[in-house]
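Close look at the chain arrangement
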Amino acid sequence: MTDSTVPGETTILGDTTIPTDPTIPIGIDSADSDDNRRQVLYWRLLARLFDHEEQPSLESASLAVVEDIGLPAALLDPGASVDSVVQRHPELADEFDGLMTPEPAPDDARDRAAEVRRAALASKVLLNVFSTGSGTVSAGQLARWQSDAGWLERALGCPPGGLRGGRAAGAGLTGGGLGAELGAVEADLVQRMHLREVLADPALAAKLTPSMSLIEQLLRDKGNLSGIALANAKSLIRRYVDEVAEVLRTQVEKATVGELDRSVPPKRVFRNLDIDRTIWKNLTNWSPEEERLYVDRLYYRHTVRRTTPQRLVVVVDQSGSMVDSMVNCTILASIFAGLPKVDVHLIAYDTRAIDLTPWVHDPFDVLLRTNLGGGNDGPVAMAMARPKIAEPKNTVMVWISDFYEFDRSQPLFEGIEAVHRSGVRFIPVGSVTSSGRQEVNPWFRERFKALGTPVVSGHIDKLVHELKTFLT
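Scope of this entry: the structure provided in the associated data block. Since the structure is predicted, the reported quantities are computational estimates derived from the model, not experimental observations.

A look at the pattern of salt bridges
Scanning all chains against the criterion turns up 17 salt bridges. In this structure, Arg44 engages Glu59 in a salt bridge whose closest nitrogen and oxygen atoms are separated by 3.1 Å. Of this pair, Arg44 sits in helix H1 (residues 33-50) while Glu59 sits in helix H2 (residues 56-68), and the two are 15 residues apart along the sequence. Take Glu59: its relative accessible area is 12%, and that puts it in the buried class. Between Glu417 and Arg421 there is a salt bridge, with the nearest N and O atoms lying 3.2 Å from each other.

Printed below as a string of structure tokens:
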């Protein structure tokens, strides 16, 4: 990059020529003027992302572009949130929806002026989300970032939280690599907060929006909180659990479990009357002279299901890398526990195992009893889980872990193999996240595949589908 020292001359960026004087139109007489404008905006975006020092020539040229296309200069203010821009210019709100997923158009039909406008709006969102500076973060700054991240998700065609694994954790959306990046940025912001001081101040705590990164920090630090700070932490965890549960519940069909039990006589009430069958079976009693059908027997539909309950045993690795899975699985277990005639058991483990079944109906209580972090001891968890198998062919065991057991790998696999061969439906899950990312010990992955029980993809939708197939 070279800067001219002559006023009104140009800065050269690759093949792009940019006036340093904002009063000089950019390529106004050129057929490529819109392409040049778009490049100016994207060069400024890259410069601000990789270097926090402002480059006056790029700033002045970008301002000239923004004003020339009729957009507010606030789009170039790094300190202004997207919310504040939209509040002052409400006509822009709809433009952010699907901003980065426009319908493709052939080259001869491209609206280059519209592309420049999209570049200006997209640059604003991207810069606010991915240029977070350094130093301590306040509750207000975190709230603004979460709001801006929500606008980015909307620009990509997702609801707020759809990529970050937040409130849309069970909505079937997957952000892939971008979702992971957003989660990492948010986690960094949370770590840079003085979270205990924020929680101790009700006014500051009220500004916090629950997210997976924030919940992880709260669960890790809950032993060091007390009084108002602990109460505010519990309130945030409860809000997050309720929001995710509401989304997941829509995916779980609350159907009565089991097949019809024909040995049980149907209940003889009018709502169960099978009119078609009754008419068909009594057609021999039809009187043509009287044009009447005489019914000597009524037929009813069977509605009684078999009473043998299905048993679901969920074992969750609560080591530090599995916090996302721990949160999602405790919520999912509580939802399945609410199904009729489903007997759900929940076990969490690190180097020790804890039976959380008494609290399985309330994931909030479960999470408060977890102790995230530490190592793994799968055989200890298996020793607690196996006695819960009463009828193997009527039991499904879901084991969520990255399966990095080191010197305990062989004993754990032998236990899993024995459970599988007994008739239990064993489902190994690498992780249960909204983004679908998973990391599984290759040694276990190959053996599960040979056993005929391949690791289920880490996306929570897959686990919901597997469980519904067994339980309904």
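Structural notes on the packing of aromatic side chains
The full count for this structure, using the stated rule, is 11 aromatic pairs. Ring geometry for Phe403 and Phe444: centres 5.2 Å apart, planes at 35 degrees, overall tilted. Of this pair, Phe403 sits in the loop between strand E9 (395-400) and helix H16 (409-421) while Phe444 sits in helix H17 (residues 442-451), placing them 41 residues apart in sequence. Classification of Phe403 by relative accessible area gives buried; the value is 0%. Look at Phe444 and you get buried, because its relative accessible area is 0%. In this structure an aromatic cluster arises from ring pairing among Phe403, Phe413, Phe426, Trp443, Phe444 and Phe448.

Some words on the packing of H1 against helix H5 (residues 112-130)
Angle between the axes and distance between the axes are the two parameters that describe a pair of packed helices. Two elements in contact, H1 and H5, have axes separated by 9 Å at closest approach and are oriented at 5 degrees. Between H1 and H5, the angle is such that the two are roughly parallel. Between H1, through Asp34, Asp35, Arg37, Arg38, Leu41, Tyr42, Arg44, Leu45, Arg48 and Leu49, and H5, the contact on the second element is made entirely by Arg112, Ala113, Glu115, Val116, Ala119, Ala120, Ser123, Leu126, Leu127 and Phe130.

Quick word on the sheet that holds strand E6 (residues 310-317)
Pairing is mixed in the open sheet, where 5 strands are placed in the order E8-E7-E6-E9-E10. Either end of the sheet is taken by a strand with one partner, and the two such strands are strand E8 (353-355) and strand E10 (425-429). Sheet twist, expressed as the mean angle between neighbouring strand axes with direction ignored, is 20 degrees. One ladder, built from 8 bridges, connects E6 with strand E7 (residues 342-349); its direction is parallel. Counted as the bridge partner of Leu312 is Val344 from E7.

Thoughts on the nonpolar core
Among the nonpolar cores identified, the biggest contains 87 residues, and Phe96, Leu199, Leu208, Leu218 and Val398 are the most heavily contacted of them. No other element matches helix H13 (residues 323-337), which puts 9 residues into this core. Membership of the second largest hydrophobic core comes to 22 residues, among which are Tyr349, Phe403, Ile416 and Val440.

A short note on helix H6 (residues 139-155)
For H6, with 17 residues, the first-to-last C-alpha span of 24 Å sits near the 24 Å given by 1.5 Å per residue. With respect to burial, H6 is a largely interior element, 13 of its 17 residues being buried. One or two positions beyond H6, positive phi appears at Gly157, with a value near 85 degrees.

Things to note about the pairing of E7
E7 sits mainly inside the fold: 7 of its 8 residues count as buried. Pairing geometry for E7 and E8, over 3 bridges, is antiparallel. Directly across from Tyr349, in E8, lies its bridge partner Ala353.

Comments concerning a nonpolar patch on the surface
On the surface, Ile275, Ile279, Trp280 and Leu283 cluster together into a nonpolar patch covering about 430 Å² of accessible area. Residue position: Ile279 is located in helix H12 (residues 275-281).

Some points on the pairing of E10
Taken residue by residue, a regular strand's side chains alternate between the two faces of the sheet. Burial analysis of E10 places 4 of its 5 residues in the buried class, which makes it a mostly covered element. As judged from the 5 bridges shared by E9 and E10, these two strands associate in the parallel manner. The residue bridging Trp399 from the neighbouring strand is Pro428, located in E10. For the crossover from E9 across H16 to E10, the handedness is right-handed.

Cut-offs and rules
Residues numbered from 1 in each chain as written. Predicted model: local features only at pLDDT ≥ 70, side-chain atom pairs only at ≥ 80, totals over all residues. Heavy atoms only, no water. Salt bridge = Lys/Arg side-chain N within 4 Å of Asp/Glu carboxyl O. Helix = DSSP H or I, 4+ residues; strand = E, 2+ residues; numbered from the N terminus. Buried < 20%, exposed > 50% of the residue type's maximum accessible area, 1.4 Å probe, protein only. Phe/Tyr/Trp six-rings, centres within 6.5 Å; stacked < 30°, edge-to-face > 60°. Axes fitted to C-alpha atoms, helices over the stretch in contact; angles between N-to-C directions. Parallel < 35°, antiparallel > 145°, perpendicular 65-115°, else oblique. Contact = heavy atoms within 4.5 Å. Pairing = 2+ DSSP bridges. Core = buried A, V, L, I, M, F, W, Y, C linked by side-chain atoms within 4.5 Å. Expected span 1.5 Å × (residues − 1). Patch = residues over 30% accessible without salt bridge, like charges linked within 9 Å, V, L, I, M, F, W, Y side chains within 5 Å. Areas by Shrake-Rupley, 256 points an atom, 1.4 Å probe, with all protein chains shown as cover. Right-handed = clockwise from strand over helix to strand, strands pointing away.

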